[in-house]
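# What the coordinates show
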Amino acid sequence: MADYVTTFSQPAAATIPNYVGHLANYAAMLNEESKEEVRSAVPSEHHRVFDELCRIEKCNQDKRERAELNDRVKQNVMKFRANDLARDLYNVEKAGDVAQAVRENLLDAEDIDEIQVEYLVASMLAKDSLAWLYGDPGCYKSFVALDLAASVALGVGVGFAGAATQQGPALYVAAEGSAGMSKRKRAWEAMAGRSLSGQFTFLTMAIRITEEPFLRELIAVCRDLRPAIVVIDTQSRVTPGLEENGSVMSTYVDAVNALRMETGACVLTLHHTTKGTDVLRGHGSLYGAADTVLYLAKTTGAGSECRYAKLSVKKQKDDRDDFFWNIRLRVQHFCGGPGDGEHDPTRCSSLVPVSADWAEVLTAQAAAIDRVLLIVRQLEPMQSITTARITELADLPESTARAALKTCCDQGELERTGRGKSTAYIRPAAKIDDHSAGSASFRQPS
């Protein structure tokens, strides 16, 4: 401002009007304090002219600002009108699409017979579906899931179930780590005598599927691979930070459903039980959204020479839900032999699921019941025992121990009390029997 005033200082008499006018124009843009400083540079005889020119310029400036504001308002109004028009046109278009879609999907009662469930794995997994395979930790879920996906990838029957498959590429999201996948994959190929290369893809990261960027990229990958089955191993590893028992789990359902809709694949999620039960862990929206729910449980203890498991259908939305398959986990070597140097067979073998011999399964199951009964019949009247204690003493998987305890309750050997973690089993006081008390194989429970 000082430079501006200096420029017009000591003006010639002929230029006084222009001088005052320039200062007035300038002062009209300033605050009152700065305006007075400019006014002091004007000769006193011109103060009235200066003030009048300031007022006129201020009015003109206000008019210009109002005009500019009006122009901006008009432009914004036009933008809003254009947006409203575009929104109306979009809604009309979508309404037309919806109306067309609704009418295209109207079927006469006779025509509905043409729509049938198309199974990817007979009686087990359907195309274009959501499925969960769950069980206790360490119950061989990953081995069974890999077997199902590999059987689909090559279009071969699922050996442990004698179930036919429809061939299609497989994508396995190994979110729990890929270290053991190489051995499992090579053992399966050795069992089948065929390579999975070109038909089976592993995604070896814990992709956060409920977050939009990750889901978008996973869908893009699936558009390229066009998988018939997508295995997510496990749900908890791809949903970090989400409360499993909260309604927020619906975001996971939305994510896998979006994946299903984009691919038409069977999206198979591996998950766990609620501790101490055989119930699918987490919010009820998971079970409600599932087309298929499969439960896998060990049927032999850790010390057993043979490993057995039982796969049961807990839910099948469009078919029977009373199927089950007994599975034996067999050690499969995939190397050619010792070769030169020392040979560690554990580095070139893994477990593969195969069909179980019924006689062996029944023997193992009967042995489990007998073990539990031997322990139960040593209890004093009204003495209680927990599932964990039975599991420890009988050397049985928790799921097998629970099944045996249920049988004991059905037979009147025990009475169940409490719920959840507080569940216990009591030997009834009125129970009278002449069973021999004691067994060299088991110590007295405490």
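Residues numbered from 1 in each chain as written. Predicted model: local features only at pLDDT ≥ 70, side-chain atom pairs only at ≥ 80, totals over all residues. Heavy atoms only, no water.

### Things to note about the sheet that holds strand S14 (residues 424-426)
Spatial ordering of the open sheet is given by S12-S14-S13, a layout of three strands whose pairing is antiparallel. Each edge of the open sheet carries a strand with a single partner, namely strand S12 (384-385) and strand S13 (415-417). Pairing of S12 with S14, which is carried by two bridges, proceeds in the antiparallel orientation. Bridge pairing in S14 links isoleucine 385 to tyrosine 425. (Pairing = 2+ DSSP bridges. Helix = DSSP H or I, 4+ residues; strand = E, 2+ residues; numbered from the N terminus.)

### What about the environment of glutamate 244?
For glutamate 244, the location among the structural elements is in the loop between helix H8 (235-238) and helix H9 (250-263). Of the residues examined, glutamate 244 reaches a relative accessible area of 14% and is grouped as buried. It is 9.8 Å that separates the C-alpha atoms of glutamate 244 and glycine 284, two residues lying 40 residues apart in sequence. Excluding residues within four positions of it along the chain, glutamate 244 makes contact with Ser236, Met249, His271, Arg281, Gly282 and His283. Looking at glutamate 244, its side chain comes within polar contact range of the side chain of arginine 281, at 2.7 Å. (Buried < 20%, exposed > 50% of the residue type's maximum accessible area, 1.4 Å probe, protein only. Contact = heavy atoms within 4.5 Å. Polar contact = N/O pair within 3.5 Å; in protein donor to acceptor, adjacent residues only side chain to side chain.)

### Structural notes on the nonpolar core
Across soluble globular proteins, nonpolar side chains have a tendency to be buried as a group. Counting residues in each nonpolar core, the largest one holds 44 residues, and the members touching the most others are Met124, Leu125, Phe160 and Leu311. Sort the elements by how many residues they give to this core and helix H5 (residues 141-154) lands first, with ten residues. Those residues in contact with leucine 311 that lie beyond four places of it in its chain are Met124, Leu133, Val144, Phe160, Leu294, Tyr295, Leu296, Phe323, Phe324, Trp325 and Ile327. Core analysis: the next-biggest nonpolar cluster, separate from the first, contains 29 residues, Ile209, Leu218, Val253 and Leu280 among them. (Core = buried A, V, L, I, M, F, W, Y, C linked by side-chain atoms within 4.5 Å.)

### So, the sheet that holds strand S7 (residues 266-272)
What the nine strands build is an open sheet, ordered S5-S4-S6-S7-S3-S8-S9-S10-S11; its pairing is mixed. Pairing within the sheet leaves two strands with one partner each, and these edge strands are strand S5 (200-203) and strand S11 (349-355). Direction aside, the axes of adjacent strands within the sheet are offset by 25° on average. The strands touched by helix H7 (residues 212-225) are strand S4 (170-174), S5 and strand S6 (229-233); relative to S4, the strand with the most contacts, the crossing angle is about 150°. (Axes fitted to C-alpha atoms, helices over the stretch in contact; angles between N-to-C directions.)

### Brief notes about the packing of helix H12 (residues 387-394) against helix H13 (residues 398-410)
Axis separation between H12 and H13 bottoms out at 9 Å; the angle between their running directions is 110°. Taken as axis vectors, H12 and H13 run roughly perpendicular relative to one another. Across from Thr387, Ile390 and Thr391 in H12, the residues of H13 making contact are Glu398, Ala401, Arg402 and Leu405. A breakdown of the residues in the contact of H12 with H13 according to their chemical character gives three nonpolar, two polar and two charged. (Parallel < 35°, antiparallel > 145°, perpendicular 65-115°, else oblique. Nonpolar A, V, L, I, M, F, W, Y, C, P; charged D, E, K, R; others polar.)

### Considering the packing of aromatic side chains
Under the defined criterion, the tally for this structure stands at seven aromatic pairs. On the basis of an interplanar angle of 50° and a centroid distance of 5.8 Å, the ring pair of tyrosine 172 and phenylalanine 202 is categorised as tilted. Of this pair, tyrosine 172 sits in strand S4 while phenylalanine 202 is found in strand S5, placing the two residues 30 residues apart along the sequence. Residue tyrosine 172 is classed as buried on the basis of its relative accessible area, which comes to 0%. With a centroid separation of 4.8 Å and 40° between ring planes, the pair formed by phenylalanine 200 and phenylalanine 202 is classed as tilted. Across the ring face of phenylalanine 143, the terminal group of arginine 184 is positioned such that the distance to the ring centre comes to 4.4 Å. Lying over the aromatic face of phenylalanine 324, lysine 310 brings its terminal NZ or CZ to 4.3 Å of the ring centre. (Phe/Tyr/Trp six-rings, centres within 6.5 Å; stacked < 30°, edge-to-face > 60°. Lys NZ or Arg CZ within 6 Å of the ring centre and 35° of its normal.)

### Here's the deal with the packing of H5 against helix H6 (residues 181-192)
A pair of packed helices is characterised by two quantities: the angle between their axes and the separation of those axes. Following both chains from N to C, one finds H5 and H6 inclined at 50°, their axes separated by 11 Å at the closest point. Here H5 is positioned oblique relative to H6, judged by the angle of their axes. H5 and H6 meet at a crossing whose hand is right-handed. Residues Ser142, Phe143, Leu146, Asp147, Ala150, Ser151 and Leu154 of H5 form the contact with H6, whose own contacting residues are Arg184, Lys185, Trp188 and Met191. Along the lines of polarity and charge, the residues of the contact of H5 with H6 split into six nonpolar, two polar and three charged. (Left-handed = near helix turned anticlockwise from the far one by under 90°.)

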